[in-house]
Amino acid sequence: MSWKDHLIKIAPYVAGEQPDKKDFVKLNANENPYPPSPLVTKAIRDFDAEDLKRYPSADAVPLMKAIADDLGTDSSRIFTGNGSDDVLALCFRAFFNSDKPVIFPDITYSFYPVWCRMYGIPFKTVPVDEDFNINAADYARENGGVVIANPNAPTSIGRDLDFMRQILEENPDSVVISDEAYVDFGGHTALPLLGEYENLIVVRTFSKSRSMAGSRIGFAVGGDALISALRAAKDSYNSYPLDSVAIKAGCASLADKAYFEQTVEKVIATRTRLTQKLREMGFVLPDSSTNFVFAHHDKYRAEDIYKYLVSKDIYVRYFRSPERISDHLRITVGTDEQTDLLINTLESYIK
Ligand code: PMP
């Protein structure tokens, strides 16, 4: 046996392309088209580089407190990490140690199966229905954990609080993760259920609604047992995940509620216009509760549209698999100008 036989064999998660060029329209990674709050710019500009000689606060305490204040909860209920990907990866490691399979929808965030394989966690996918809806009744089955992205990606569909309550009622013996990366764009958060269900954890990010994907700030909200398990998992792996600049920048973002609300409103208004225009062109798409839409056209193949858009320097997300979504495009809501360009380009393709 060679040492090569002992290397990890895993198909990693594949993120949207980051083309190495300027002057293209990037609608493929659900980033926010607007910059972060001016208070974030100021916090970074005023950052004293000398502070970098020290390790950051291990639990990002100032940010933990600012998040807790923003949500009207106690900072002991907040756990922060390097983007919600880091927080979710730690959730999988910390919570899913049963022999029973963790369950999540067949069409959802494609990182979930990767973490399961990475950690050797058994998993089973539960099919969404023909309209891509997740139905809570399908989660009344034996499992070692439940993961629901709400709103879901890449389908853009959000479910209400009763849906999450039903999932929790059916699963008192499992940890239920509510991945709320897109919730600020019109979804329904499970936060009000935290007081009733100790097995619920809510995971959020600054990457989307706070325009801070580059800062890698994610967090979880939950009760003592789950937050303690997360802290133990983190401190067994990487004690200082958030850097000093990110902690300051994150606090500055939370201090500007008005900017946050305006940005989200702008994205939602553009989403409404984009949805309508796409439907007029014959695209079929569900109402989105996120900062992207998930569209299909009966007459034109998604892959062909995707390639045409790339030739015009517009990048949207096309998934070759799973098969069920291989004729769909996931299109991030950009600025009004980017959206006009996208619409005009699609119109010239379809005509
Ligand atoms: N959850 C979902 C459903 C996502 O789409 C993403 C973005 N790729 C994430 C979590 C992770 O985002 P981040 O690590 O930037 O917080």
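Rules used throughout
- Residues numbered from 1 in each chain as written.
- Predicted model: local features only at pLDDT ≥ 70, side-chain atom pairs only at ≥ 80, totals over all residues.
- Heavy atoms only, no water.
- Helix = DSSP H or I, 4+ residues; strand = E, 2+ residues; numbered from the N terminus.
- Buried < 20%, exposed > 50% of the residue type's maximum accessible area, 1.4 Å probe, protein only.
- Contact = heavy atoms within 4.5 Å.
- Polar contact = N/O pair within 3.5 Å; in protein donor to acceptor, adjacent residues only side chain to side chain.
- Expected span 1.5 Å × (residues − 1).
- Near = heavy atom within 4 Å.
- Areas by Shrake-Rupley, 256 points an atom, 1.4 Å probe, with all protein chains shown as cover.
- Nonpolar A, V, L, I, M, F, W, Y, C, P; charged D, E, K, R; others polar.
- Patch = residues over 30% accessible without salt bridge, like charges linked within 9 Å, V, L, I, M, F, W, Y side chains within 5 Å.
- Salt bridge = Lys/Arg side-chain N within 4 Å of Asp/Glu carboxyl O.
- Domains from an automatic or database assignment.
- Buried area = accessible area lost by both parts, 1.4 Å probe.

Engineer: Explain the environment of R165 to me, and be specific about the residues and the numbers.
Structural biologist: Position of R165 relative to the elements: it lies in helix α5 (residues 161–170). For R165, a relative accessible area of 29% puts it in the partly exposed group. In sequence terms R165 and E196 are 31 residues apart; their C-alpha atoms lie 9.7 Å from each other. Those residues in contact with R165 that sit more than four places away from it in its chain are L193, E196 and Y197. Polar contacts involving the side chain of R165 include one to the side chain of E196, which spans 2.7 Å.

Engineer: Which residues make up helix α8 (residues 257–280), and what values go with them?
Structural biologist: When the terminal C-alpha atoms of α8 are compared, their 35 Å separation across 24 residues agrees well with the 34 Å that a helix rising 1.5 Å per residue should span. Inspection of α8 places Y259, F260, T263, V264, V267, T270, R271, L274, T275 and L278 among the buried residues, and these make up the whole buried set. Buried positions along α8 lie against α1 (38–45), β9 (283–284), β10 (292–297), β12 (329–332) and α10 (336–350).

Engineer: Talk me through the site of the ligand; I want residue IDs and the actual numbers.
Structural biologist: Looking at the ligand, the residues that line it are G83, S84, D85, L88, Y109, D179, A181, Y182, T205, S207, K208 and R216. In this structure, a nitrogen atom belonging to the ligand sits 2.7 Å away from a side-chain N or O atom of D179. Here S207 contributes a side-chain N or O atom positioned 2.6 Å from an oxygen atom of the ligand. For the ligand, whose accessible area on its own is 400 Å², the fraction buried by protein is 92%. Looking at which element gives the most residues to the shell around the ligand, the answer is helix α3 (residues 83–95), with four residues. When its residues are assigned to classes, the shell around the ligand shows four nonpolar, four polar and four charged.

Engineer: For a nonpolar patch on the surface, give the residues involved together with the corresponding values.
Structural biologist: Taken together, the side chains of I8, M118 and Y119 present a nonpolar region at the surface, about 310 Å² in accessible area. Checked against the element boundaries, I8 lands in the segment before β1 (25–27).

Engineer: Tell me about α3, and name the residues and values.
Structural biologist: The end-to-end C-alpha distance of α3, which contains 13 residues, comes to 18 Å, matching closely the 18 Å that a straight helix rising 1.5 Å per residue would cover. The element α3 is extensively covered by neighbouring structure, given that 10 of its 13 residues are classed as buried. Inspection of α3 places G83, S84, D86, V87, L88, A89, L90, C91, F92 and F95 among the buried residues, and these make up the whole buried set.

Engineer: Residue-level account of the domain arrangement of the protein, with values.
Structural biologist: Domain boundaries assigned for the protein yield domain 1 (3–36 + 258–350) and domain 2 (38–256). When each unit is reduced to the centre of its C-alpha atoms, the spacing between domain 1 and domain 2 is 23 Å. With 34 residues of domain 1 at the interface, the matching set in domain 2 holds 35 residues. Buried area between domain 1 and domain 2, summed over both chains or domains, comes out near 2700 Å², and the portion from carbon and sulfur atoms is 64%. Its largest share of buried area at the contact with domain 2, domain 1 owes to Y13, P36 and R324, together 26% of the area lost on that side. Taken together, the links from domain 1 to domain 2 amount to one salt bridge.

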